[in-house]
Amino acid sequence: MTISQTPASAVAGGGPAPDRASRGRRYPLLAGALAAAWLVPFLAYLAGVAVIVPVLVLAGTASLLRSGRTVLDRLMIALALLFGVTCVGGLLFSVWPWGIHPVAIGGLGLTVLVAISGFTGRRPEVPGLGSLSDLWVVGGAAGFAAAMAWPFLVRSFSGKFALIVSGEDLARHFFLYDTIRTHGGFPWMDKAGTATEVKINLVAYPQGAHMNMAVLDNFVRSSTADGSTTTALHHFMWFYVAAVVFLCLALLWAIRWVAGPTVLVWRWLPVAVAVVGLLFWGDGTAMFLRGFMSEFVGLGLLAMTMAVLVRPLSRHREQLLVLAALLTAVSFTYYLFLPVCGLMALVWMITRRATLLTTPVWTGVLAVLTVVLTAVTPVVNYLNGYGSAEELNSTGGISPVNRHLLFLLLLVAGLGFLSRSAWRNPVRRNAGVWLALCSVGAFGMFAYQTWALHKTTYYYEKVLHQLIVVAVVALAASPFVTRDWSLSASAQRRRPVMNIWTAGALSASLFAALLLTAGPDRPVFRKPPGELSWGAAYLKGKMLHKDPADVILAGIKARKAAHADNRANMIQVSRNPEGAKWQSNYFGNQWTGALSRNYGASWPSWPSMGAEAEPKDLRDLIIGYGKPLRVLTDDPVTFATVQKLRQERPDLNLELYFSAVGTCTYDFKPVAAGVFTPPQAAEAARC
């Protein structure tokens, strides 16, 4: 018998020869990948298809993750990571010379992915495509997206604008997004340079969502040119639709993630259908019509944060990284939700301290970075004179949450956590603590505002929005959805409590019930007509505000005719076929300032709350403003007041644009000084 001994150098990993050969192949591959990381964005930018770069970055990030069983899981986790990274990246983009140029950001992003792959040795990996549960998540979000987008798809640009024009917050969100895109950074990092566009009390408003949208828009455009504000508005409207769709997708994914990988889709399907129904027929569409863009994104991030804390990722390094990104994103986007997220993250770290201490450096560095980065936006707000406790009592336009549906949701969710056995399971225990904490927080806000103001106001409704999101995600962990996680899928099929037929019947019943009951249950400004739900009124076009949209677009057209100078615009119209002329004036001034890119400089010239100013008040307001001003009106009294003031005070450098008396549409034309007879509409143009 001959026994041969294998040399040590021939054993895998045992000798230098294979290692040198591996390195010899590895370095050229890394060099080629690094070159491609910059060449691909550059060529895509030149070809006008830079939009493929963020798709590649998302796919590349997902492929390097190892947590999550399916493609959908990896993509959602990667999306959370990239959103938080882009928020933090905004600090860099605001100071480096390239701003938010697609090539610079795309090249940097792909370079980081190549570096991570090279350093860790990870190679791109594609997990399983998923199951029927993943299909329902994507399908539910797609159905919701179609319902939200349909009223936009079937209307002209002015019709689309009429859908959102009365969301006063949306005008401010627009100029923040547009200013970040045109200036290439956060406005609070360049207050002097953005003072014309951004009102001083909004310069430090949380801008994480706006930064992400502005960065993505430059990839969509394959350009960093300012472009027209009407083009920017068109893009922004679709980003706004995407924001509410993101909330729906994040909620559905969070429900499925918390329910667990072995739970049959029929067990959690009624909860998912109820979420889609509540969002569309009820409070989601009500919020959409109010213009709560940042809150939509913040609520979606809240749902994902809760999901990964209730049922953590399988790899604790990735869990820490994703959690850091989510907490940072919440702070940069809507830090009203940061206290509950931060507190629950701290609780999770304490309960998992034994595992976390196995990687003390990684844990410590990420913990310190998270604390520092989540403090940025609150501290910036505080230093700019905002963010105090008194802000919680401020008022604002908001549609109250449907209390009947809220109490029913809390009752159903709470019942699942009443038994002692429910708290033995760590997933249910985590979800129950979330629900209890947010319920106590909402009650505390109610008690505080009732004591201080004898009523509840704006931010109480926002806290209720937070409670709704937490309640529906917690419901996915309750025994109503899963009785025993130890049962396999086959065992669940042998002992079905919910099957395709019962789940389908219950889901259809819930969806129909929400259609009939999800409208406002208390007095609210601009409520749906009759007994329609919010979603039904939205689909039927009953929430359009055509006159304010027509005024604004006519004003922007007149500004363009005046060579798009930086002169402030004041709108004062006297007619409104919708019966509330103050809306055309108020929303008209808000949006015209935003679309003229001079909101920050123009707002002192506007009458309070859109009131049509009396002649004396109008004179005092114009004289007090003391800067070049363009007045756009169809009102003969305003016409006479401005023309007389132009004669008396030529130093004010006033311009007057008048829409002829009797015309059916707004068509503002310049009027020369010294003309004291208001133009009349031609017979053919009269209504």
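Quick note: structure is the one above.
Computed from a prediction, not measured in an experiment: that's the story for all the values here.

Participant: For this particular structure, what's the right way to read the overall build of the protein chain?
Facilitator: Broken down by element type, the protein chain carries 27 helices and four strands. For 687 residues, the compact-globule estimate of 2.2 N^0.38 gives 26 Å, and the C-alpha radius of gyration of the protein chain, at 28 Å, lies within 12% of that figure. Expressed along its principal axes, the backbone C-alpha trace of the protein chain runs to roughly 120 × 60 × 45 Å. Taken over 687 residues, the protein chain has a buried fraction of 53%. Within the protein chain, contacts between residues at least 6 apart in sequence are counted, and of these 77% link residues at least 24 apart.

Participant: Would you explain the side chain of Gln207 in this entry?
Facilitator: Inspection of the secondary structure puts Gln207 in the loop between helix H7 (168–183) and helix H8 (208–221). A distance of 2.7 Å separates a polar atom in the side chain of Gln207 from the backbone oxygen of Val203. Apart from residues lying up to four places away in sequence, Gln207 is in contact with Leu176, Ile180, Phe186, Pro187, Trp188, Leu202 and Phe332.

Participant: For this particular structure, what's the right way to read a nonpolar patch on the surface?
Facilitator: Side chains of Trp38, Leu92, Val95, Leu108, Val112, Ile116 and Met189 sit close together on the surface and give an oily, nonpolar patch of about 580 Å² of accessible area. A per-element tally of the nonpolar patch places helix H4 (residues 102–120) first, with three residues. Relative to the elements of secondary structure, Val112 occurs in helix H4. Taking relative accessible area as the criterion, Val112 reaches 39% and is therefore assigned partly exposed.

Participant: Please explain the packing of helix H3 (residues 71–93) against helix H9 (residues 229–259) as it appears in this structure.
Facilitator: For any two helices packed against each other, one specifies the inter-axial angle together with the distance between the axes. Between H3 and H9, whose axes approach to 12 Å, the crossing angle comes to 125°. Put simply, H3 runs oblique to H9. The handedness of the crossing between H3 and H9 comes out as left-handed. Residues Leu72, Asp73, Met76, Ile77 and Leu79 of H3 pack against Phe246, Leu249, Ala250, Trp253, Arg256 and Trp257 of H9.

Participant: Would you explain the state of the cysteines in this entry?
Facilitator: When the sulfur atoms of two cysteines share a covalent bond, that bond is a disulfide. Applying the stated rule across the entire model yields zero disulfides. For the unlinked cysteine Cys248, the closest cysteine sulfur is that of Cys341, found at 19 Å. With relative accessibility at 0%, the residue Cys248 sits in the buried group. Considering cysteine sulfurs only, Cys341 is the nearest to Cys438, which forms no disulfide, with 8.0 Å between them.

Participant: Sorry if this is basic, but what is going on with the packing of aromatic side chains here?
Facilitator: Aromatic ring pairs are described here by two measures, namely the spacing of the ring centres and the angle between the planes. According to the stated counting rule, one finds 33 aromatic pairs in the structure shown. Summarising the aromatic geometry, the rings of Phe174 and Tyr177 are spaced 5.9 Å apart at their centres and angled 55° between planes, so their arrangement reads as tilted. With Phe174 and Tyr177 both in helix H7, this residue pair falls three residues apart, about one helical turn. Residue class for Phe174 comes out buried when judged on its relative accessible area of 0%. Here Phe175 and Tyr599 contribute two aromatic rings whose centre-to-centre distance is 4.5 Å and whose plane-to-plane angle is 45°, an arrangement assigned as tilted. Taken as a pair, Phe175 in helix H7 and Tyr599 in helix H25 (residues 599–602) lie far apart in primary sequence, 424 residues in all. Neither residue differs from the other here; Phe175 and Tyr599 are each classed as buried.

So, how was this worked out
- Residues numbered from 1 in each chain as written.
- Predicted model: local features only at pLDDT ≥ 70, side-chain atom pairs only at ≥ 80, totals over all residues.
- Heavy atoms only, no water.
- Helix = DSSP H or I, 4+ residues; strand = E, 2+ residues; numbered from the N terminus.
- Rg over C-alpha atoms; globule rule 2.2 N^0.38 Å.
- Buried < 20%, exposed > 50% of the residue type's maximum accessible area, 1.4 Å probe, protein only.
- Contact = heavy atoms within 4.5 Å.
- Polar contact = N/O pair within 3.5 Å; in protein donor to acceptor, adjacent residues only side chain to side chain.
- Patch = residues over 30% accessible without salt bridge, like charges linked within 9 Å, V, L, I, M, F, W, Y side chains within 5 Å.
- Areas by Shrake-Rupley, 256 points an atom, 1.4 Å probe, with all protein chains shown as cover.
- Salt bridge = Lys/Arg side-chain N within 4 Å of Asp/Glu carboxyl O.
- Axes fitted to C-alpha atoms, helices over the stretch in contact; angles between N-to-C directions.
- Parallel < 35°, antiparallel > 145°, perpendicular 65-115°, else oblique.
- Left-handed = near helix turned anticlockwise from the far one by under 90°.
- Disulfide = S-S within 2.5 Å.
- Phe/Tyr/Trp six-rings, centres within 6.5 Å; stacked < 30°, edge-to-face > 60°.

Nothing here speaks to function; it is all geometry.
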